[in-house]
Amino acid sequence: MTKSFYERYWDRDDKQGQLSDFQLKWPILQKLIPKEKSIAILDFGCGNGFILREMMKINPDARYVGVDVSRVAIAEARQVLPNLDFHEIEDGAPVPLKDSSVDFIFSSEVIEHIYDTENAVREWSRILKPGGKVLLTTPYHGFLKNLLITIFGFDKHFNPTGPHVRFFSKKTLFNLLEKNKLMVEGCGYYGRFYPISHSIFVLAKKLAHE
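The rules behind each value
Numbers given to residues run from 1 along each chain, matching the order in which its sequence is written. Local features in this predicted model are restricted to residues whose pLDDT is 70 or higher, and side-chain atom pairs enter the listing and the counts only when it is 80 or higher, whereas totals over whole chains, interfaces and linings include all residues. Side-chain figures throughout are based on the complete set of non-hydrogen atoms in the structure, without hydrogens or water. The salt bridge criterion pairs a side-chain nitrogen of Lys or Arg with a carboxyl oxygen of Asp or Glu, the two atoms within 4 Å. The numbering of helices and of strands both runs from the N terminus, where a helix is a DSSP run of H or I of at least 4 residues and a strand a run of E of at least 2. Think of it in three bands: residues with accessible area under 20% of the maximum for their type are buried, residues over 50% are exposed, and the middle band is partly exposed, with areas taken using a 1.4 Å probe on protein chains only. Axis geometry follows a simple rule: fit a line to the C-alpha atoms, using only the stretch in contact for helices, then measure angles between N-to-C directions, giving values from 0 to 180 degrees. Here the angle decides the label: under 35 degrees means roughly parallel, over 145 means roughly antiparallel, 65 to 115 means roughly perpendicular, and every other value means oblique. Crossing handedness follows the turn of the near helix against the far one: under a right angle anticlockwise gives a left-handed crossing, and clockwise gives a right-handed one. Only heavy atoms enter the contact rule, under which two residues are in contact if any of them lie within 4.5 Å. Three classes are used, and their members are as follows: Ala, Val, Leu, Ile, Met, Phe, Trp, Tyr, Cys and Pro are nonpolar, Asp, Glu, Lys and Arg are charged, and the others, Gly among them, are polar. For two strands to pair, DSSP has to find at least two bridges joining them. Between the rings of Phe, Tyr and Trp (Trp by its six-membered ring), a pair exists once the centres lie within 6.5 Å; its type follows the angle of the planes, with under 30 degrees stacked, over 60 edge-to-face, and the other angles tilted.

S.K.: Would you explain the pattern of salt bridges in this entry?
M.R.: Side chains carrying opposite charge are able to pair once their charged atoms draw close together. Under the counting rule described, the total for this entry stands at 8 salt bridges. Residue Arg126 is joined to Glu123 by a salt bridge in which the shortest nitrogen-to-oxygen separation is 2.8 Å. Of the two residues, Arg126 and Glu123 are both situated in helix 5 (residues 117-127); the distance of 3 residues between them amounts to about one turn of the helix. On the basis of relative accessible area, Arg126 is assigned to the partly exposed category, the value being 23%. Three or more residues are tied together by salt bridges with common partners; here these are Asp99, Glu123 and Arg126.

S.K.: What is the right way to read the packing of helix 5 against helix 7 (residues 170-179) from this model?
M.R.: In a packed pair of helices, the relevant descriptors are the angle between the two axes and the axis-to-axis distance. Here helix 5 crosses helix 7 at 50 degrees, and the two axes come no closer than 9 Å. In terms of their interaxial angle, helix 5 and helix 7 are classed as oblique. The interaxial crossing formed by helix 5 with helix 7 has right-handed handedness. Here Thr117, Glu118, Val121 and Trp124 of helix 5 lie close against helix 7, whose contacting residues are Leu176, Leu177 and Lys179. Of the residues in the contact of helix 5 with helix 7, the class split is 4 nonpolar, 1 polar and 2 charged.

S.K.: For this particular structure, what's the right way to read the environment of Gly49?
M.R.: Structurally, Gly49 can be placed in the loop between strand 1 (40-44) and helix 3 (50-58). When its relative accessible area of 0% is taken as the criterion, Gly49 is described as buried. C-alpha separation for the pair Gly49 and Val67, spaced 18 residues apart in sequence, amounts to 9.5 Å. Excluding residues within four positions of it along the chain, Gly49 makes contact with Ala77 and Leu81.

S.K.: Any chance you could explain the sheet that holds strand 3 (residues 85-88) here in plain terms?
M.R.: Within a sheet, each strand pairs with its neighbour through backbone hydrogen bonds, oriented either parallel or antiparallel. Taken in spatial order, the 7 strands make up an open sheet running 3-2-1-4-5-7-6, and their pairing is mixed. Every other strand in the sheet has two partners, leaving strand 3 and strand 6 (182-190) as the edge strands with one partner each. Shown here is a sheet whose adjacent strand axes are inclined to one another by a mean of 15 degrees, direction ignored. Examined bridge by bridge, strand 1 and strand 4 (residues 102-108) share 3 bridges and lie parallel to one another. Looking at the pairing, Ile41 lines up with Phe104 of strand 4. Sitting on the sheet, helix 5 touches strand 1, strand 4, strand 5 (128-139), strand 6 and strand 7 (199-206), and the angle it makes with strand 5 is about 150 degrees.

S.K.: Would you take a moment to explain the packing of aromatic side chains for this structure?
M.R.: What the rule picks out here adds up to 9 aromatic pairs. Judged by centre distance (5.0 Å) and plane angle (85 degrees), the ring pair of Phe22 and Phe50 falls under edge-to-face. Of this pair, Phe22 sits in helix 2 (residues 22-29) while Phe50 sits in helix 3, and the two are 28 residues apart along the sequence. Under the relative-accessibility criterion, Phe22 is labelled buried at 8%.

Right, dumping it as structure tokens:
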């Protein structure tokens, strides 16, 4: 199941300390990290805490929380960031945070690894304060890129032993967010060039009323 897969992943000796796509995404995404003091920021799928450390450089006055399915990853994150709040979670289970308790959620290259994506996004909406925002990224799948993948790289891209279990188009990603009262404010792309970009990023805001 999902948890055992990622326990093996984070327990590998050859895993990278820095995220493989960090240099592609961080020059763009760091500009969207809020700088207001005393806000609560959640890293959903925090891994070993690498991005949390980078966000703390941008906003050292925020309160940070990290969640991940891997016990191994959480243990590593706690060693590096002992003063932060970390939780081990299950795919499809509730996030152990109160309703309307988070101002900002960051989740990069995570949603494509989740089986129960509806639960994940519903939980984001639940724990976000009205007006709170979520910044997420996921590999981009548009018509031209999908066509090229089908012709030249289908077996590699859809490798059944790989970690990706969901593949989003812009339309399906937006629909999932908006179904859960998260209205898209903006989006963009990084890596390579559009329309064969590596990933899409989306900034969405929770509606202030039901």
